[in-house]
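# Descriptive analysis of the structure
What follows is the residue order along each chain.
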Amino acid sequence: MPAFSGCSSIFGMPNPHPVLRAAALAKHYGRRQALSGVDLDVPARRIVGLVGPNGAGKSTLLQLACGLIEPSAGTLSVLGARPAADAAHLARVGFVAQDAPVYGALTVADHLRMGARMNPRWDAPLARDRVAQAGLPLTQRAGRLSGGQRAQLALTLAAAKRPELLILDEPAAALDPLARDGFLRGLLQSVSDLGASAILSSHLLADVERVCDHLIVLAGARVQLAGDVPDLLAAHRRIPPGAPLPDGAERIHDAVVRTPVPAGAAVELSELVLAYLGRAAR
Ligand SMILES: Nc1ncnc2c1ncn2[C@@H]1O[C@H](COP(=O)(O)OP(=O)(O)OP(=O)(O)O)[C@@H](O)[C@H]1O
């Protein structure tokens, strides 16, 4: 189980249709353990921030969720089925891999035509609108787009599939602050237009704080913390240095404690993430 799971459920019952459910999930590459004993239950209609240090297993989890790789042990279901179970299931998931891969020799318009041919639920007006909004010239070859524009194109291709789940592996990492802002706005807009869920891995805690309402902290191949952000923030406080631990509280790291009573001060999301990463690194 995660060190702390605040995953909320309707009326206290387990969510019947989680977007992603993992049980004792493990993945190793040879002798290297990338994920171990991962249990997750991510409710639908969330924007999930997946954070953790380099090598924590974030890309591995996302690639498992897309069916690009197979688990070594345990189970994983995405939208109620095995990842990439069949063509219909593939159409329900949009994936933007690290570095927003696109075909350099093809134009923006070629990408849209290809998307339309390959995806049964392709939303041509949505694709055209997003491309126009992002200011992507239709005749420009993708290889000549800026990093930010490439990320926008990759997000457009994923969103125009009208997926129920968008999976994005550090899509905005290389972008400058303005381009990142545009990308995140585009993401929020797409998720809201589609009524979809999204899982976004990122090292940028400010981005996660801004767009995510569900958090997964991975470190050392294990889930350290998972749950809806409001629940997690409500369950943790910062106590003054030297103050005694409140009744029933557990010290996570330094001044951050998990406590059933609202002692001390509220914590911010970045502080909470750093506390769990600090504890995992001890
Ligand atoms: N194809 C592979 N072959 C061998 N080892 C791998 C492979 N892919 C990942 N690993 C290892 O698995 C572990 C988890 O890697 P992963 O890429 O999932 O981490 P990450 O959290 O996405 O890291 P980063 O933030 O640096 O992208 C690392 O130790 C990595 O070296």
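All values reported here derive from a predicted model rather than from experimental measurement.

## Looking at the sheet that holds strand β11 (residues 236-238)
- Across the sheet, which stays open at both edges, the four strands sit in the order β12-β13-β11-β14 with antiparallel pairing between neighbours. Here the strands that pair on one side only, and so sit at the sheet edges, are β12 (250-253) and β14 (265-266).
- In this sheet, β14 lies alongside β11 in antiparallel orientation, the contact comprising two bridges. Within β14, the residue paired with Arg238 across the bridge is Ala265.
- Strand contacts of helix α9 (residues 269-281): β11, β12, β13 (256-258) and β14, with the helix running at about 90° to β12, the strand carrying the most contacts.

## Side note on the site of the ligand
- In the neighbourhood of the ligand, 14 residues make up the surrounding shell, with Asn54, Gly55, Lys58, Ser59 and Thr60 lying closest.
- Ser59 is positioned such that a nitrogen or oxygen atom in its backbone is 2.8 Å from an oxygen atom of the ligand.
- Between the ligand and the protein, one listed contact pairs an oxygen atom with a side-chain N or O atom of Thr60 at 2.6 Å.
- For the ligand, the protein covers 64% of the area, taking 640 Å² as the surface of the free molecule.
- Secondary-structure elements contributing two or more residues to the shell around the ligand are β3 (32-42) and α1 (58-65).
- Class assignment of the residues belonging to the shell around the ligand gives a composition of four nonpolar, seven polar and three charged.

## Some thoughts on the packing of helix α5 (residues 147-159) against helix α6 (residues 177-194)
- Two elements in contact, α5 and α6, have axes whose closest approach is 10 Å; the angle formed by their N-to-C orientations is 5°. The angle between α5 and α6 places the two elements in the roughly parallel class. In contact with Gly148, Ala151, Gln152, Leu155 and Ala159 of α5, α6 contributes Ala179, Gly182, Phe183, Gly186, Leu187, Ser190 and Leu194.
- A per-class count over the contact of α5 with α6 returns seven nonpolar, five polar and no charged.

## Looking at helix α3 (residues 108-118)
- Of the positions making up α3, those classed as buried are Val108, Ala109, His111, Leu112 and Gly115. The buried residues of α3 all sit within an arc of 160° when viewed along its axis, so they share a single face. Residues of α3 that are exposed and angled more than 90 degrees away from the buried face: Arg117 and Met118.
- On the buried face of α3, the contacting elements are α4 (124-133) and α5.

## Digging into the side chain of Arg237
- Tracing the sequence through the fold places Arg237 in strand β11.
- Among buried Asp, Glu, Lys and Arg side chains, Arg237 stands out as unpaired, with Glu271 the closest opposite charge at 10 Å.
- Of note is the side chain of Arg237, whose polar atom sits 2.8 Å from the backbone oxygen of Gly264.
- Leave out the neighbours within four places in its chain, and Arg237 touches Ala255, Val256, Val257, Thr259, Val261, Pro262, Ala263, Gly264, Ala265, Ala266 and Val267.

## Some points on the pairing of strand β4 (residues 47-51)
- In terms of burial, β4 is largely enclosed, as five of its five residues are buried.
- Burial along β4 is two-sided: the face carrying Ile47, Gly49 and Val51 and the face carrying Val48 and Leu50 are both buried.
- As paired strands, β4 and strand β9 (residues 214-219) are joined by four bridges and run parallel to one another. Looking at β9, one finds that Val48 is bridged to His214.

## Focus: the sheet that holds β3
- Strand order in the open sheet formed by three strands is β3-β2-β5, and the pairing between neighbours is antiparallel. Looking at which strands have only one partner, the edges of the open sheet turn out to be β3 and β5 (73-78). Taking each pair of neighbouring strands and ignoring which way they run, the sheet shows an average axis angle of 25°.
- Along the sheet, α1 makes contact with β2 (20-29), β3 and β5, crossing β2 at roughly 120°.

## Regarding the packing of aromatic side chains
- Going through the model one piece at a time under the given rule, you end up with zero aromatic pairs.
- Positioned over the ring face of Tyr29 is Lys27, at 5.5 Å from the centre of the ring.

## Section: the confidence of the model for the chain
- In the predicted model, the chain carries a mean pLDDT of 90, and the fraction of residues at 70 or more is 94%.
- Confidence, expressed as mean pLDDT per element, reaches its minimum in the chain at strand β1 (residues 5-6) with 40 and its maximum at β9 with 98.
- The low-confidence segment residues 1-15, where pLDDT is below 50, has 38 contacts with residues more than four positions distant or belonging to other chains.
- This complex was scored by the predictor with a pTM of 0.90 and an ipTM of 0.98.

Each value, and the rule that gives it
- Residues numbered from 1 in each chain as written.
- Predicted model: local features only at pLDDT ≥ 70, side-chain atom pairs only at ≥ 80, totals over all residues.
- Heavy atoms only, no water.
- Pairing = 2+ DSSP bridges.
- Helix = DSSP H or I, 4+ residues; strand = E, 2+ residues; numbered from the N terminus.
- Contact = heavy atoms within 4.5 Å.
- Axes fitted to C-alpha atoms, helices over the stretch in contact; angles between N-to-C directions.
- Near = heavy atom within 4 Å.
- Polar contact = N/O pair within 3.5 Å; in protein donor to acceptor, adjacent residues only side chain to side chain.
- Areas by Shrake-Rupley, 256 points an atom, 1.4 Å probe, with all protein chains shown as cover.
- Nonpolar A, V, L, I, M, F, W, Y, C, P; charged D, E, K, R; others polar.
- Parallel < 35°, antiparallel > 145°, perpendicular 65-115°, else oblique.
- Buried < 20%, exposed > 50% of the residue type's maximum accessible area, 1.4 Å probe, protein only.
- Arc of directions from axis to C-beta.
- Lys, Arg positive; Asp, Glu negative; His and termini not counted.
- Salt bridge = Lys/Arg side-chain N within 4 Å of Asp/Glu carboxyl O.
- Phe/Tyr/Trp six-rings, centres within 6.5 Å; stacked < 30°, edge-to-face > 60°.
- Lys NZ or Arg CZ within 6 Å of the ring centre and 35° of its normal.
- pLDDT = per-residue confidence, 0-100.

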